[in-house]
Structures are given as C-alpha cells and as structure tokens.
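# Secondary and tertiary structure notes
The chain contents come next:
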Amino acid sequence: MDDDKQTMRTTNTSFMTHNNNNNNNNNVILPDELFIIEKKLKNINDIKKNEIELFPKLNQNINNNNFILNDNFFSPSPINKNDPDFDPDSYEECFTLRYNHNSTQIACGYSSGRISIFNLTNNNNNNNNNNNNNNKTKKNPLNKISSFPITCLRWKPNKPTILLCVSADGFIYELHSSSLKPLQKLEEPDNPLMCVDYNMDGSLFATGGNDKFLRLYDDETKTLISKLISKKYTLPEHSNRIFCCKFSPNDNNLLISGGWDNTLLLYDIRTREVSNFLYGPHLAGDGIDIKNNLMLTVSWDKKDQISLWDLRMNKIIKIFQVNDIKKEYSNEIVEEVRNDIIITSEEINRSINNETYLYSCKFNPVDNSFVVTGSNRNVMRVYDYNNNQGKINVLCKNDFLETPCYCCDWNKDGKSFCFGCADSMVRLIEKKK
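In short, a report on the structure. Values in this document were obtained by computation on a predicted structure and should not be read as measured data.

## Quick look at the overall build of the protein
Secondary structure summary: the protein contains 4 helices and 29 strands in total. Looking at the protein as a whole, 57% of its 433 residues qualify as buried. Excluding contacts between residues fewer than 6 apart, the proportion of contacts in the protein whose partners are at least 24 apart in sequence is 54%. For the protein, the computed accessible surface area is about 18,900 Å², with 44% contributed by carbon and sulfur atoms.

## Quick notes on the sheet that holds strand 20 (residues 294-298)
On the basis of which strands lie adjacent, the open sheet formed by 4 strands has the order 19-20-21-22 and antiparallel pairing. Two strands in the sheet have a free side with no partner beyond their single neighbour: strand 19 (288-291) and strand 22 (315-320). Pairs of neighbouring strands in the sheet enclose a mean axial angle of 20°, with direction left out of account. In terms of strand pairing, strand 21 (residues 306-310) meets strand 22 through 5 bridges, oriented antiparallel.

## Digging into the nonpolar core
One finds Cys94, Leu97, Ile106, Cys108, Cys418 and Val426 to be the most contacted residues of the largest nonpolar core, which totals 22 residues. Contributions of two or more residues to this core are made by strand 4 (94-99), strand 5 (105-110), strand 23 (357-363), strand 27 (405-410) and strand 29 (426-431). When residues in this core are grouped by element, the largest group, 4 residues, is from strand 4.

## Details of the packing of aromatic side chains
Enumeration according to the criterion identifies 13 aromatic pairs in this entry. For the pair Phe370 and Tyr383, a centre-to-centre distance of 5.7 Å together with 25° between the ring planes defines the contact as stacked. Placement of the pair is Phe370 in strand 24 (residues 369-375) and Tyr383 in strand 25 (residues 380-386), with a sequence separation of 13 residues. Through a chain of ring-to-ring contacts, the aromatic side chains of Phe95, Trp300, Tyr357, Tyr359 and Tyr406 assemble into a single cluster. Stacked on the ring of Phe171, the Lys or Arg Lys185 has its end atom at 4.4 Å from the ring centre. Taking NZ or CZ as reference, Lys227 lies 4.3 Å from the ring centre of Phe213, over its face.

## What to know about the side chain of His282
Within the secondary structure layout, His282 lies in the loop between strand 18 (273-279) and strand 19. Judged by relative accessible area, His282 falls into the buried class, the value being 2%. A distance of 2.7 Å separates the side chain of His282 from the side chain of Asn262, its partner in a polar contact.

## Let's talk about the pattern of salt bridges
Under the counting rule described, the total for this entry stands at 16 salt bridges. Among the ionic pairs, Asp219 bridges to Lys156, the shortest N-O distance being 2.4 Å. Placement of Asp219 in the loop between strand 13 (214-218) and strand 14 (223-228) and of Lys156 in the loop between strand 7 (150-155) and strand 8 (162-167) is noted, with a sequence separation of 63 residues between them. Its relative accessible area of 1% is what places Asp219 among the buried residues. Its salt-bridge partner being Lys222, residue Asp219 comes within 3.5 Å of it at the nearest N-O pair. Each member of the pair, Asp219 together with Lys222, is buried. Because the salt bridges share partners, they merge into one network encompassing Arg98, Arg154, Asp197 and Asp286.

Conventions adopted
- Residues numbered from 1 in each chain as written.
- Predicted model: local features only at pLDDT ≥ 70, side-chain atom pairs only at ≥ 80, totals over all residues.
- Heavy atoms only, no water.
- Helix = DSSP H or I, 4+ residues; strand = E, 2+ residues; numbered from the N terminus.
- Buried < 20%, exposed > 50% of the residue type's maximum accessible area, 1.4 Å probe, protein only.
- Contact = heavy atoms within 4.5 Å.
- Areas by Shrake-Rupley, 256 points an atom, 1.4 Å probe, with all protein chains shown as cover.
- Pairing = 2+ DSSP bridges.
- Axes fitted to C-alpha atoms, helices over the stretch in contact; angles between N-to-C directions.
- Core = buried A, V, L, I, M, F, W, Y, C linked by side-chain atoms within 4.5 Å.
- Phe/Tyr/Trp six-rings, centres within 6.5 Å; stacked < 30°, edge-to-face > 60°.
- Lys NZ or Arg CZ within 6 Å of the ring centre and 35° of its normal.
- Polar contact = N/O pair within 3.5 Å; in protein donor to acceptor, adjacent residues only side chain to side chain.
- Salt bridge = Lys/Arg side-chain N within 4 Å of Asp/Glu carboxyl O.

Set out below in structure tokens:
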C-alpha cells in the first residue's frame, strides 16, 4: 500500500476519509449554504463570487430530466447553522444505509456509533429526524449502539424487524428495529469490522475487517462456523483489510469479498474455503453488488473505477471510469449547463484538481441501471448498462455535493434510491413519473 493512499483512507475519527483540498478554508461551507448560478456559464473562469447567490436550502442538483431530488432529507443531527444547538464539528458521517424489505424504512449507521431508522410513510421517525419538520434532534441513548463507527448494516431476510450491524471496535450487533435494543452481541477481538452480509435465506452471515479474513456464522445460534481460508497454494488470501463481503442472491454457496489488496476472493460455502479469485478493484466501502449473473464493483482509485463482471465465466466484461472533469466542463459543455445547477467556484476548482474515488454501488432491482457514489469530487451517478450492445449511458449525475458520499441503496421497485454523505444527510432521489 502506498503511503499516500493509506493516509487518504485513515483518520483518527473514522474509518473512511475524504481528501478535500479545501479543508484549510476558514469559511466553512455548511450543507444548507449552497450557491446557485443565475446565468448560463460560458467559461469556468467566469465563475466569481459576484455571480452567485446564497441559496438557503438544498435544491435539485440533478443533471437529468429523468430524476428529481425528493424534498425529504434525513439527518440525525441539526444542520441549521442558526440553530442554537448547531455544532459544525458534530456532523455524524453516514457510513452505511439500507432500505428495509418493503422500502418503508431506511436504516442508517453513523460515525458516532449511532443507528437511526427513518420512516418513509409518515413523519414518526424514531428520532424525529425528518429535517424538513424543523424538529431538533434529541440524542436518544437507545440509538448509541457503540462508541466506534457503525461500518455496515443489513436487514435480515424474511425478518422485517431484525437488523445486523458491525462496528469498528470488532462487535457484531443484532438489533430490533423498533427499539434498536441489542438482542445479541458478539465480538471479534482486535479485529475492527468493516462489513457484514446475510445469505439468501438469512441462515448464515459473514463478517470481514482488518485481520484480512472472512468469518462465517450460524445466524440461529450466533456461533462461529469457520474462518474462511485458502487451502491451495494457487489461490491467494487477502493481504490487506477487507471492506466488503457479498453473498450471491442466486447461489447460496457463493460468497465474495474485496478490500485494499485489489483482489476479489470467491468462496465456496460448502467447502468453506477460497475457490477462485479476480484481480482488479481497490475497495474502500460497500463496493460489490450482484444481480443475476452480473457483478458490479467500484474502485477507490483514480482510474477504472467501475467494473462489470460475468460470474458464469469469472471474467470482466466492461471496465470504465468516471469522465474527466476537465472534459465534462470544457467550454462547449459548460455553455449548455442548465441555469439552475447548484455549483460553487470552490467546488469546481476542487473538482478540476481531483479525481473521483468511488466507495459504493448498487444495482437497480428492476432494470439495467445502477448507482455509484464517491469522494474527492463527491459524486453520485446513475448509469444504464445495455448488455446486448455493451454501452454505458449516464442517466443522472451530481458532481458537486458538499461532502463525500459513502453509501447508497435502491428501493424494492427501483423507482427511487437514497445515498448517505459525510454531512450526515440521507438524500432521496426519485424517478420522474
């Protein structure tokens, strides 16, 4: 591991980081202080402070007519700078989130060790967390699961009230969603955990973290079945920490993991060992998803960030990267930017000088699209993949978010998705009807 990559991924406060070059700016830009350009841009250099107007709330920042930013933003922390309780250093970074099985709730895990569950059908969130109703957030002690970051969570299949999560101090928690009280608590000593996943029927779950091994558990007894290893000298084991593990939704015997060593390991649950490996993505978050015979991965790297794989042949079929910002915002393109795009000169300058590093990805459950999120340029993008023609189209993009985006998920009907950011906000994006 290069020293610069190591530095960019570790801090004293969280297991995920973002390398924004504007951190030394004394004028802190708050999430509710976005700027809107009032005229069509003709050149990047034309963006000056006297050409932008303070816009008091989050606005639509979606460069496509097929999607719309929902008015609902959820956060466990006050984000109004005029609120007497506001503390700019108290943001709780949203590291992980998931819709429940009927998409009526979103469970979120934060850098503070808290978990919040937001109801999408009414305003009775378990923490009064709907940001639009101007309610102050109360620090409910039931939500404080750990003193360390909640790094990954999953809803249990066929059990709509059960959540499983892991923390950066090596604990595994089974929670009841209505009370968020731990029902079970397990520990992997001296092994900060970064990922967890259930198999299809919820009978097994796997965890991974800093010690470079996946562990397989029996969910009913909460006992360790096996530490998954390689038994053949021709098959590697992980040489660095694991950031993601994913059971196949089609094959109960297939489990895949990836992390900082640029290697995906495939495990056979029947033999409890490594069965194959694929070289490629540098994972730093929930960067693996599987749909039918396709696997999607994203890489925390400056090139080749998105890959599609055929699991029948264990072969990569498409690899591409987020477009160069200098090309996207060349004079010709900038002239066509919509008048209402939210942007700041500071954000553009930062984006020009930084590549995109992706953390998470998720397939749409009903069509060929998928969403990716990342840092440095702080992107959220939706792509459509035509498997017959091998073409990739951008359906929706946002390159100017205030903070890095760590996690994302689609709802069950594929009509909306959510993504969580370092400013604690969870944003909902919907397809236009």
